[in-house]
Amino acid sequence: MIEFKVNGQCISIDTDPEKPLLWVLREDLTLTGTKYGCGIGNCGACTVIIDGKLARSCMLPVGKVTGKDVVTIEGLAEKGTLNELQQAWIDEQVPQCGYCQSGMILSAAVLLETVPDPAPPEIRKKVTNICRCGTYPRIEKAIQKAARLRKQGGDNAK
Amino acid sequence: MQNKKEEKFIVGLTAEEKKTGGETALNAWLEIGAGNSFTFFIPRAEMGQGIYTALTTLICEELDVDPNGRNVKVTHPDALLGEYTNFGMLEDANIKVEQEGIVSWMVKKVFNKFPLIVTGGSSSVLDAWNRLRLTGAQTRWQFIEAASRRWNVPAEECATDNGFVLHGPSGRKAGYADVAEDACRIDPPDHLELKTKDQFKFIGKDIKRLDIPSKVDGSAVFGIDTEMEGMVYAAVLHAPVLGNTIKTVDADEAESLPGVIKVVSYDNWVAVVATSFWTAKNALTKLQIAYNENGKQPLNTRSIRQDQEQALAKKGKRQITKKGDIKAGLKKAGRVIKETFHTPYLAHAAMEPLSTAAFYDNGIMKLWQSSQSSTVMVLAANRAAKAAGVKLKEVIPHVSMIGGGFGVKGELDVPFQASYLAIQCPGVPVKLIWPREEDIRQDKYRPGVVSRFEVGLDEAGYPLTWSNEIAGQSILDSLTKRSFGLPIKTGRIAKYKFTTEGAEHLYYSIPHQKIEAEVFEAPIQLGFWRSVGHSNNAFFVESMIDMCAESAGVDSLAYRKKLLQGQPRLLTVLTELEALSNWQESRPKTHAKGLGIWHSFQSNVGVVATAIHDHEKQTVTISKIDCVVDCGTPIHPDNIRSQMEGSVIFALSAFYFGEIEFEGGKVVQSNYNDYKMAKLGHTPEISVKIVDSDHRPGGIGEPGVPPSIAAMANAVSRVTGKRLTELPMTKMGVKPGLPVHND
């Protein structure tokens with residue numbers, strides 16, 4: 001039995017510990033928002049957040065996730081309220097086909113945790129996922145917008 | 001079939017369908033439910049081009065329903081209905097069904113019987129523009145008529161407002177849903193006057209895309225996301241040497257692995273079915289496979305180049321265009337310039353790998369696929385049934401959202417394989433996924449092409465004669481052979497169509513023209529790659545025009561303006577582009593602008609690229625793109641901008657990195673690590689301007705790609721002082737740089 005948390009829920013699963021987390025999420029837990037793109041950790045479509053850090057789930061054996069806290073795109077919204085990034089993604093009308101966007105949004109989420117107000121060079125350096133539709137200009141704008149939304153949210157809460 | 005709730009009524013059906021009652025529910029464009037909720041059935045696949053929103057907007061404009069209302073939903077219908085045929089796509093073959101006449105009548109008759117439901121060729125809006133607005137208008141008319149009869153008031157006194165019929169004098173109001181049952185029993189008139197542009201409420205406005213909310217929270221279901229109780233998973237491997245087939249498979253070791261259910265082989269592929277895709281993919285490596293050799297010399301990139309050169313050197317090539325008299329023109333020409341250009345083979349590499357889920361039970365085949373054509377899905381299932389020796393009673397194709405299509409997701413092979421596998425596993429849903437390596441190595445490639453020019457210039461340096469010879473593999477021949485076993489006869493114009501596309505009809509005014517083409521055979525499968533032949537020919541033609549301008553010592557934009565007299569739409573694009581790009585601005589020697597302008601898919605797009613040469617780092621960076629698009633009446637401006645941005649990046653990937661190579665009969669590249677894509681770090685600053693227009697809308701998915709590649713090539717040629725005659729750019733010995741953004 002392999003035990004870990006996904007989006008706050010405890011998971012206990014009987015599977016080959018070598019099976020990559022990606023396929024456990026998709027096939028066993030039906031969390032299909034995490035995508036298969038390349039299978040070699042290159043494109044970033046399979047990106048998830050594990051204990052606050054980015055991970056490419058297509059190369060990560062599920063056995064190594066034991067006891068850890070996994071966040072997928074399905075778990076980003078809190079109590080039905082979209083995360084600032086998701087809202088900015090809608091405001092800026094970012095997605096085209098949308099297939100890479102789960103990984104993009106999660107990559108951006110970790111970036112904003114470490115750099116709350118990233119300038120374009122920082123964004124360009126840190127977001128290395130592939131979008132074949134070429135939504136990059138809007139991704140860049142949406143990340144900056146989300147940073148502003150977070151700042152406003154934080155200020156309002158004070 | 002889809003479950004229909006009792007309280008729903010169907011409107012917008014033809015009279016014949018209405019007679020058959022409730023079960024024709026799927027055959028509609030629009031379903032209206034309790035609480036005045038609207039579900040639009042859009043028979044074009046949403047692959048990021050924004051078609052769900054664009055077509056819904058066309059209906060909504062005349063129907064008078066806000067497409068961004070909370071009560072609006074959109075989905076792809078399962079039914080193969082005649083009226084879902086994409087007649088707009090046939091216009092590419094010069095069949096215009098909107099014109100009255102015997103040909104048009106017959107074509108409609110045939111395709112109403114055998115629906116051609118396909119998303120491609122940037123044709124969806126072109127096809128829908130008149131008929132979907134008319135459908136909306138007729139449906140609105142039905143609601144008004146039903147309400148006015150119920151209220152016993154003249155229909156002329158009724159108006160509508162966002163899903164409601166209003167009777168001003170009495171102040172009465174009814175939701176469309178309240179009168180839907182009556183409305184669907186009233187036949188609307190065949191013709192109704194449609195709104196003029198100044199009356200539009202939604203067309204031309206920035207409607208929010210209907211598919212986007214589902215794409216930020218993981219809830220959008222792509223074909224590859226189909227999951228069902230008891231599902232098993234298949235991974236496929238094709239004979240790596242193109243053209244070979246499977247002789248024998250020793251599956252003992254693979255079948256002994258835990259989780260492996262079955263190994264199935266057919267023709268040139270073998271698939272493992274297992275309890276997980278990961279297990280299936282791993283098991284593929286344990287198969288011992290012997291192949292039937294295709295009997296040809298193993299191809300490689302050099303041999304393909306030789307085939308191209310031989311084809312080009314051949315006498316008696318197919319003449320595509322002839323105008324004036326080249327020989328006579330050449331006698332008057334002061335100067336003759338010659339150049340030969342080459343392009344590489346390119347893969348689609350959509351982010352969602354090829355996949356189809358299939359469920360075969362009791363003679364019924366259900367398919368779930370991110371497909372550009374439900375017609376092809378049904379054809380594929382029937383083929384597979386024939387190959388497997390079973391008879392199908394029914395095929396139900398569910399078209400899911402597509403994680404990037406670009407032309408590859410209308411192919412027969414994937415749904416064929418999935419259906420074939422499902423027949424071997426009756427009663428069990430099977431999901432087939434092509435591993436990324438297969439997706440790249442067994443793609444239907446954009447062919448590499450060679451194009452040779454000889455241009456005679458007059459005293460002022462403008463072309464008097466234009467000879468262009470083009471050679472490559474035939475896309476259409478490859479497609480008809482693999483899909484229908486029907487090669488196209490040599491000499492038939494269709495065989496050359498996608499080789500010469502865009503080059504065969506120049507918009508530049510040149511008195512003497514001769515355009516010839518030759519095709520050759522090779523065991524490489526070819527397909528439609530975003531903008532197809534235009535992606536090659538825009539690079540060739542626009543590079544050559546720039547060379548002519550350089551030779552004449554004339555500014556390349558001014559040079560084109562002179563040659564485009566008589567092409568008002570292209571001239572407008574050029575003029576707008578001149579302003580948008582600040583074309584005349586002075587710039588350091590390390591910076592240069594390059595131009596490309598192209599007409600394709602009924603739209604006109606001009607692009608200016610700015611390139612920066614860093615001599616020290618030996619890099620060239622495309623730092624800025626200015627783009628002007630005239631796609632006729634703009635339906636959804638923000639989405640037009642989005643498609644242009646995407647086209648620029650798509651072009652940039654091809655320009656910087658794109659190349660599929662062959663060695664020993666196999667494809668060299670296999671994944672995103674060796675078939676590279678432009679990333680955010682490479683992204684130039686992009687400005688897009690849309691020309692306001694009253695023309696019939698053209699496409700927006702593809703026409704931005706050809707001029708972008710051309711503009712980048714011209715900018716890089718200028719900044720390096722070396723004419724780029726071959727793609728990708730790295731062939732010149734310079735690497736792509738990263739634009740610096742200071743804001």
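Bear in mind that the values here come from a model prediction, so they are computed numbers and not experimental data.

Reading the values: the criteria
- Residues numbered from 1 in each chain as written.
- Chains lettered and ligands numbered in written order.
- Predicted model: local features only at pLDDT ≥ 70, side-chain atom pairs only at ≥ 80, totals over all residues.
- Heavy atoms only, no water.
- Helix = DSSP H or I, 4+ residues; strand = E, 2+ residues; numbered from the N terminus.
- Rg over C-alpha atoms; globule rule 2.2 N^0.38 Å.
- Areas by Shrake-Rupley, 256 points an atom, 1.4 Å probe, with all protein chains shown as cover.
- Lys, Arg positive; Asp, Glu negative; His and termini not counted.
- Charge placed at Lys NZ, Arg CZ, Asp CG, Glu CD.
- Axes fitted to C-alpha atoms, helices over the stretch in contact; angles between N-to-C directions.
- Parallel < 35°, antiparallel > 145°, perpendicular 65-115°, else oblique.
- Left-handed = near helix turned anticlockwise from the far one by under 90°.
- Contact = heavy atoms within 4.5 Å.
- Core = buried A, V, L, I, M, F, W, Y, C linked by side-chain atoms within 4.5 Å.
- Buried < 20%, exposed > 50% of the residue type's maximum accessible area, 1.4 Å probe, protein only.
- Salt bridge = Lys/Arg side-chain N within 4 Å of Asp/Glu carboxyl O.
- Polar contact = N/O pair within 3.5 Å; in protein donor to acceptor, adjacent residues only side chain to side chain.
- Pairing = 2+ DSSP bridges.
- Patch = residues over 30% accessible without salt bridge, like charges linked within 9 Å, V, L, I, M, F, W, Y side chains within 5 Å.
- Buried area = accessible area lost by both parts, 1.4 Å probe.
- Phe/Tyr/Trp six-rings, centres within 6.5 Å; stacked < 30°, edge-to-face > 60°.
- pLDDT = per-residue confidence, 0-100.
- Expected span 1.5 Å × (residues − 1).

Trainee: Just checking my understanding: could you explain the overall build of chain A for this structure?
Mentor: A count of helical and extended segments in chain A gives 5 helices and 5 strands. Taken from N to C terminus, the helices and strands of chain A fall in the order β-β-α-β-β-β-α-α-α-α. Taking 158 residues into account, the globule formula puts the C-alpha radius of gyration at 15 Å, and chain A, at 16 Å, falls close to it. With the C-alpha coordinates aligned to their principal axes, the bounding extent of chain A is approximately 45 × 40 × 25 Å. With the model as given, the accessible surface of chain A reaches about 6,400 Å², and the carbon-plus-sulfur share is 49%. Computed over 20 positive and 18 negative side-chain charges, the separation of the two mean positions in chain A equals 7 Å.

Trainee: Whenever I open this one, the packing of helix α2 (residues 84–91) of chain A against helix α3 (residues 101–114) of chain A confuses me. Can you help?
Mentor: Between two packed helices, the angle of one axis relative to the other and the distance separating the axes together describe the packing. Residue and element names in this part refer to chain A. Remark: α2 packs on α3, axes separated minimally by 10 Å, with the N-to-C direction vectors making an angle of 125 degrees. Taken together, the axes of α2 and α3 lie oblique to each other. The handedness of the crossing between α2 and α3 is right-handed. Every residue of α3 that contacts α2 at Leu 85, Gln 86 and Trp 89 is listed here: Gln 101, Met 104, Ile 105, Ala 108, Ala 109 and Leu 112.

Trainee: I would appreciate a short explanation of the nonpolar core in the present structure.
Mentor: In a soluble, globular protein the nonpolar side chains are often hidden away together inside. Trp89(A), Ile143(A), Trp466(B), Ile622(B) and Phe655(B) are the most contacted members of the largest nonpolar core, which has 177 residues in total. Once residues lying within four places of it in the same chain are set aside, the contact partners of Ile143(A) are Leu85(A), Trp89(A), Ala108(A), Leu111(A), Leu112(A), Pro118(A), Ile123(A) and Val127(A). Formed by 43 residues, the second largest nonpolar core is a distinct cluster that contains Leu58(B), Ile59(B), Cys60(B) and Tyr84(B).

Trainee: Sorry if this is basic, but what is going on with the pattern of salt bridges here?
Mentor: Two side chains bearing opposite charge may form a pair once their charged atoms approach each other closely. Residue and element names in this part refer to chain B. Here the structure, examined in full by the defined rule, presents 49 salt bridges over all chains. In this structure, Arg 44 and Asp 127 form a salt bridge, with 3.2 Å as the shortest nitrogen-oxygen distance. Residue Arg 44 is located in the loop between β3 (37–41) and α2 (51–63), and its partner Asp 127 is located in helix α5 (residues 124–151); the two are separated by 83 residues in the primary sequence. Here Arg 44 falls in the buried class, since its relative accessible area comes to 1%. A salt bridge links Lys 197 to Asp 692; the nearest nitrogen and oxygen atoms lie 2.7 Å apart. Here the residue Lys 197 occupies a position in the loop between α6 (176–183) and β8 (232–238), and Asp 692 occupies one in the loop between β27 (685–690) and α20 (705–720), the gap between them amounting to 495 residues.

Trainee: How do you make sense of α2(A) when you look at a structure like this?
Mentor: Given 3.6 residues to a turn, an α-helix orients residues that are three or four positions apart in the same direction. Residues and elements named next belong to chain A. Within α2, burial applies to Leu 85, Gln 86, Ala 88, Trp 89 and Ile 90. Measuring from the side-chain oxygen of the N-cap residue of α2 to the backbone nitrogen of Leu 85 gives 2.6 Å; that N-cap residue is Asn 83. Just downstream of α2, Gln 93 is the residue with a positive phi angle, here 50 degrees.

Trainee: Honestly, the pairing of strand β1 (residues 2–6) of chain A in this entry has me stumped. Any pointers?
Mentor: Here is the key point about a regular strand: its side chains alternate between the two faces of the sheet. All names here are of chain A. Going residue by residue along β1, you find Ile 2, Phe 4 and Val 6 tucked away on one face and Glu 3 and Lys 5 left uncovered on the opposite face. In the sheet, β1 pairs with strand β2 (residues 9–13) via 5 bridges, with the strands oriented antiparallel. Looking at the pairing, Ile 2 lines up with Ile 13 of β2. Linking β1 back to β2 in an antiparallel pair, the connection comprises 2 residues, with Asn 7 at a positive phi of about 50 degrees. In this sheet, strand β5 (residues 69–71) lies alongside β1 in parallel orientation, the contact comprising 2 bridges. Each residue of the ladder has a partner; that of Val 6, found in β5, is Val 70.

Trainee: Looking at this model, I keep getting lost on a nonpolar patch on the surface. Mind explaining?
Mentor: Residues and elements named next belong to chain B. A cluster of nonpolar side chains, namely Ile 102, Val 103, Trp 105 and Met 106, defines an oily patch on the protein surface of about 460 Å² accessible area. Among the secondary structure elements, Ile 102 is positioned in helix α4 (residues 102–113). By relative accessible area, which is 59% here, Ile 102 ends up exposed.

Trainee: Mind showing me how you'd approach unusual backbone geometry here?
Mentor: Glycine aside, negative phi is the norm for most residues, and most peptide bonds take the trans geometry. Residue and element names in this part refer to chain B. For the bond from Leu 727 to Pro 728, the omega torsion is -5 degrees, close enough to zero to count as cis. Mapped onto the secondary structure, Pro 728 falls in the loop between α20 and β28 (735–736). Within the chain, Asp 64 stands out as a residue other than glycine whose phi angle is a positive 65 degrees. Residue position: Asp 64 is located in the loop between α2 and β4 (72–75).

Trainee: Where do I start with the interface of chain B and chain A in this structure?
Mentor: Interface size is commonly expressed as the accessible surface area that is lost when the partners come together. Listed as interface residues are 64 residues of chain B and, on the opposing side, 49 residues of chain A. Of the roughly 4,700 Å² buried at the junction of chain B and chain A (both faces included), carbon and sulfur atoms supply 59%. Area buried by chain B at its contact with chain A is led by Trp278(B), Met351(B) and Leu680(B), which between them contribute 18% of it. Linking Asp638(B) and Arg138(A) is a salt bridge whose minimum nitrogen-to-oxygen distance equals 3.1 Å. Our count for the contact surface shared by chain B and chain A stands at 25 residue pairs in polar contact (both at pLDDT 80 or more). Counting only elements with at least two residues in the side of chain B that touches chain A, the list comes to α8 (277–284), β18 (430–433), α13 (436–441) and α19 (637–656) of chain B. No other element matches the 9 residues that α19(B) contributes to the side of chain B that touches chain A.

Trainee: Sorry if this is basic, but what is going on with the packing of aromatic side chains here?
Mentor: We describe a pair of aromatic rings using the distance from one ring centre to the other and the angle between the two ring planes. Residue and element names in this part refer to chain B. This structure, assessed with the given rule, holds 26 aromatic pairs over all chains. Seen from their ring centres, Tyr 266 and Tyr 420 are 4.8 Å apart, and the 50 degrees between their planes marks the pair as tilted. With Tyr 266 in strand β10 (residues 260–266) and Tyr 420 in helix α12 (residues 413–424), this pair connects stretches of sequence that are 154 residues apart. For Tyr 266, a relative accessible area of 27% translates into the label partly exposed.

Trainee: Looking at this model, I keep getting lost on the sheet that holds β1(A). Mind explaining?
Mentor: The pairing of strands in a sheet comes from backbone hydrogen bonds and takes either a parallel or an antiparallel form. Residues and elements named next belong to chain A. If you walk across this open sheet you meet the 5 strands as β2-β1-β5-β3-β4, and the pairing is mixed. In this open sheet, the two strands that pair with only one neighbour each are β2 and β4 (53–56). Strand-to-strand twist across the sheet, computed as the mean angle between neighbouring axes with direction ignored, equals 40 degrees. The sheet contacts of α3 involve β3 (47–50), β4 and β5, and relative to β3 the element is tilted by about 35 degrees.

Trainee: Hey, could you run me through the confidence of the model for chain B in this one?
Mentor: Caution is warranted with low-pLDDT regions, since their predicted coordinates should not be read in detail. Of the residues in chain B, 96% have a pLDDT of 70 or more, and the chain-wide mean is 93. Two numbers describe this predicted complex: its pTM, 0.96, and its ipTM, 0.98.

Trainee: Got a minute to help me understand helix α11 (residues 374–388) of chain B in this structure?
Mentor: Residues and elements named next belong to chain B. Taking 1.5 Å as the rise per residue, α11 with 15 residues should run 21 Å; its terminal C-alpha atoms sit 21 Å apart, in good agreement. Taken together, the buried positions of α11 are Ser 374, Val 376, Met 377, Val 378, Ala 380, Ala 381, Ala 384 and Ala 385. Check the buried side of α11 and you find it contacts β16 (364–369), β17 (394–399) and α12. Measuring from the backbone nitrogen of Thr 375 back to the side-chain oxygen at the start of α11 gives 3.4 Å, which picks out Ser 373 as the cap.

Trainee: Sorry if this is basic, but what is going on with the sheet that holds β17(B) here?
Mentor: Residues and elements named next belong to chain B. With respect to topology, 7 strands assemble into an open sheet ordered β10-β11-β8-β18-β15-β16-β17, the strand pairing being mixed. What marks the edges here is a single partner per strand, and that holds for β10 and β17. Going across the sheet, the axis of each strand differs from the next one's by a mean of 20 degrees, ignoring polarity. Of the pairings in the sheet, the one linking β8 to strand β11 (residues 269–274) comprises 6 bridges and is antiparallel in character. When the sheet's bridge partners are listed, Leu 237 is paired in β11 with Val 270. Strands in contact with α8 are β8, β10, β11 and β18; relative to β8, the strand with the most contacts, it is inclined by about 30 degrees.

Trainee: Honestly, the side chain of Thr619(B) in this entry has me stumped. Any pointers?
Mentor: Position of Thr619(B) among the secondary structure elements: in strand β24 (residues 619–630). With relative accessibility at 10%, the residue Thr619(B) sits in the buried group.

Trainee: I keep staring at the side chain of Gln369(B) and nothing clicks. Help me out?
Mentor: All names here are of chain B. With respect to the secondary-structure elements, Gln 369 resides in strand β16. On the accessibility criterion, Gln 369 (4% relative accessible area) is buried. Excluding anything up to four places from it in sequence, Gln 369 contacts Gly 223, Ser 355, Thr 356, Met 377, His 398, Val 399, Ser 400, Lys 409, Val 414 and Pro 415.

Trainee: Please explain the environment of Thr619(B) as it appears in this structure.
Mentor: Residues Thr619(B) and Ala280(B), 339 residues apart in the sequence, show an inter-C-alpha distance of 43 Å. The contacts of Thr619(B), once residues within four sequence positions are left out, are Ile612(B), His613(B), Asp614(B), Lys735(B), Pro736(B) and Gly737(B).

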